[in-house]
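This is what each chain is made of:
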Amino acid sequence: MGQNTEDNNKIFKITDIAKMAGVSITTVSRVLNDSDKVSRKTRKKVLQVIQSVDYVPNEMARGLVTKSNKTIGILIPDIFNGYYAELTTYIEPLLSEKGYSLQLCITNSEVDKIAYYINDMIRRRAAGVMILSQKIESGELIQKMRNSMAVVSVEGDIDGVDCVGVENKKGIYMAVENLIENGHKKIGFIGYEFEHCRLKKRVEGYQQALEDHGLEVCEDYIIDEGKRKDKNPGYSGMLKLLQLPDPPTAVQCMNEYCAQGVYMALIERGIRIPEEMSVSAFDGQENTKLLVPSLTTAAIPLRDLAREAVELLIHNIQHGNPQVLRSVTLPITLKIGNSVRKMAD
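Residues numbered from 1 in each chain as written. Predicted model: local features only at pLDDT ≥ 70, side-chain atom pairs only at ≥ 80, totals over all residues. Heavy atoms only, no water.

**Q** Please provide a residue-by-residue account of the overall build of the chain, values included.
**A** Of regular secondary structure, the chain possesses 11 helices and 14 strands. Taken along the three principal axes of its C-alpha coordinates, the chain extends 85 × 40 × 35 Å. Burial analysis of the chain (345 residues in total) assigns 53% to the buried set. Partitioning the intrachain contacts of the chain with sequence separation of at least 6 by distance along the chain shows that 72% fall at a separation of at least 24. (Helix = DSSP H or I, 4+ residues; strand = E, 2+ residues; numbered from the N terminus. Buried < 20%, exposed > 50% of the residue type's maximum accessible area, 1.4 Å probe, protein only. Contact = heavy atoms within 4.5 Å.)

**Q** Let's hear about the nonpolar core: which residues, and what values?
**A** By size, the foremost hydrophobic cluster in this structure holds 75 residues, and its most contacted members are Leu 87, Met 130, Tyr 206, Met 238, Val 279 and Leu 305. Top contributing element to this core by residue count: helix α11 (residues 302-319), with 9 residues. In this structure, Cys 105, Met 121, Val 129 and Ile 131 belong to the second largest nonpolar core, which totals 17 residues. (Core = buried A, V, L, I, M, F, W, Y, C linked by side-chain atoms within 4.5 Å.)

**Q** Tell me about the sheet that holds strand β8 (residues 187-191), and please be specific about residues and values.
**A** If you trace the 6 strands from one edge of the open sheet to the other, you get β9-β8-β10-β11-β12-β14, paired in mixed fashion. Each edge of the open sheet is held by one strand with a lone partner, namely β9 (222-224) and β14 (333-335). Mean inter-strand twist for the sheet, computed between neighbouring axes without regard to direction, equals 15 degrees. The sheet contact formed by β8 and β9 spans 3 bridges and is parallel. Its bridge partner being in β9, Ile 190 is matched across the sheet by Ile 223. (Pairing = 2+ DSSP bridges. Axes fitted to C-alpha atoms, helices over the stretch in contact; angles between N-to-C directions.)

**Q** Describe the packing of helix α5 (residues 111-123) against helix α6 (residues 139-146), and please don't skip the residues or the numbers.
**A** Helix packing for two helices is described by the angle between their axes and how far apart those axes are. Orientation of α5 relative to α6, taken along the N-to-C sense of each, is 25 degrees, at an axis distance of 10 Å. Classified by the interaxial angle, the pair formed by α5 and α6 is roughly parallel. α5 and α6 meet at a crossing whose hand is left-handed. In contact with Ala 115, Ile 118, Asn 119 and Ile 122 of α5, α6 contributes Leu 141, Lys 144 and Met 145. A per-class count over the contact of α5 with α6 returns 5 nonpolar, 1 polar and 1 charged. (Parallel < 35°, antiparallel > 145°, perpendicular 65-115°, else oblique. Left-handed = near helix turned anticlockwise from the far one by under 90°. Nonpolar A, V, L, I, M, F, W, Y, C, P; charged D, E, K, R; others polar.)

**Q** Quick rundown of the sheet that holds strand β7 (residues 162-166)? Include the residues and the values.
**A** The strand order across the open sheet built from 6 strands is β2-β1-β3-β5-β7-β13, with neighbouring strands paired in parallel fashion. Strand pairing shows two members of the sheet lacking a second neighbour, β2 (101-106) and β13 (327-330), which therefore form its edges. Averaged over all pairs of adjacent strands, the angle between their axes in this sheet comes to 15 degrees, without regard to strand direction. Where strand β1 (residues 71-76) meets strand β3 (residues 128-132), 4 bridges bridge the pair, whose relative direction is parallel. By the bridge assignment for β3, Ile 72 is matched with Gly 128. On the sheet, α5 packs against β1, β2 and β3 and is oriented at approximately 155 degrees with respect to β2. Together, β1, β3, β5 (150-154), β7 and β13 form the strand contacts of α11, whose direction differs from that of β5 by roughly 160 degrees.

**Q** Please provide a residue-by-residue account of the pattern of salt bridges, values included.
**A** What the rule picks out here adds up to 13 salt bridges. Its salt-bridge partner being Lys 186, residue Asp 246 comes within 2.7 Å of it at the nearest N-O pair. Of this pair, Asp 246 sits in the loop between α9 (233-242) and β10 (250-253) while Lys 186 sits in the loop between α7 (168-181) and β8, and the two are 60 residues apart along the sequence. What makes Asp 246 partly exposed here is its relative accessible area of 42%. Residue classification places Lys 186 among the partly exposed positions, given a relative accessible area of 29%. (Salt bridge = Lys/Arg side-chain N within 4 Å of Asp/Glu carboxyl O.)

**Q** An account of the state of the cysteines is needed here, citing residue identities and associated values.
**A** As used here, a disulfide is simply a covalent bond connecting the sulfur atoms of two cysteines. On inspection of all chains with the given rule, the structure shows 0 disulfides. Not engaged in a disulfide, the cysteine Cys 218 finds its nearest cysteine sulfur in Cys 253; these two sulfurs lie 17 Å apart. A residue is classified by how much of its surface remains accessible, and Cys 218, at 23% relative accessible area, is partly exposed. Free cysteine: Cys 258, not disulfide-bonded; nearest cysteine sulfur from Cys 253 at 6.1 Å. A relative accessible area of 0% means that Cys 258 is categorised as buried. (Disulfide = S-S within 2.5 Å.)

**Q** Go over the packing of α9 against helix α10 (residues 256-268) with me, naming the residues and quoting the values.
**A** Remark: α9 packs on α10, axes separated minimally by 6 Å, with the N-to-C direction vectors making an angle of 50 degrees. Classified by the interaxial angle, the pair formed by α9 and α10 is oblique. Judged by the twist between their axes, the crossing of α9 over α10 is right-handed. Contact with α9, carried on its side by Pro 233, Gly 234, Tyr 235, Met 238, Leu 239 and Leu 242, involves Tyr 257, Cys 258, Gly 261, Val 262, Met 264, Ala 265, Leu 266 and Glu 268 of α10 and no other residues of that element. Across the contact of α9 with α10, the residue classes break down as 11 nonpolar, 2 polar and 1 charged.

**Q** Kindly report on the confidence of the model for the chain, identifying the contributing residues and their values.
**A** Per-residue confidence for the chain gives a mean pLDDT of 89; residues scoring 70 or more make up 92%. Every residue in residues 59-66 is under pLDDT 50, and counting partners more than four places away or in other chains gives 26 contacts. (pLDDT = per-residue confidence, 0-100.)

So, in structure tokens, the structure goes:
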């Protein structure tokens, strides 16, 4: 039984399956739940219809099929960046007090792994999935997620789902402006994976701040370390800036993960912070408060980010993914440390 071309983008419901198979909704529900109250012949017919349209049961449709379990999948790119560990630490107790358990999935930002874990959550009938800082371009996969479980994207690039984010461009702009106000004119920028929307906005914030203050954007000062692998992009990026004939006097890091690598590179080379190189970052993690000297950073309200994401997800579990998408953007606060030197006039 083949699927009609006109149905390629249709989200099939249990009522559609029942109608196509010529059976009741109750019968389809029994097949989905592997009940022994359905004859072999009827079961085969229903399963053929399900397979032909790639139907995924909508576990949020109350009373039609067995309710989803109390598992929430959370997809993160990696565990090297303390940002994800801290944010997950704030998310877990908020879900736990609502009776949900967390399943952590590390994707390394690989398309195949992202798809695998999402499909795995669907097969396991998870109540929902929270996707942190991931890019998903497959409309088919997004549709399948929405039809199967509650979905929320946190600081991600995913069309068609509710999202929670922060003022990425404005946050970096504020941090770079602080460097400029402290007399720095040669300011580098270190990051990675600039193609991601939220990260691209941070680059734009850096460039905009320079342009608004009449400073030239030097392409040699912008370091994109590409895909994160086994080395810290801040470490390798800082070494590249130091090798320039005319290196910057300050560096703006895309995030505090990069800043940690920058500190390491500078300390190894015997370059003092901030006397010989000023460093500014973005994130506001607890663990980077241990850096010496203390880091000037555009801080994300991580606890608020976790709370907003959980509230959206729980709402979608209870009411289904909305047709009118919701987007929450949280403000950034510049926190001044001791990592930025004021240049002499």
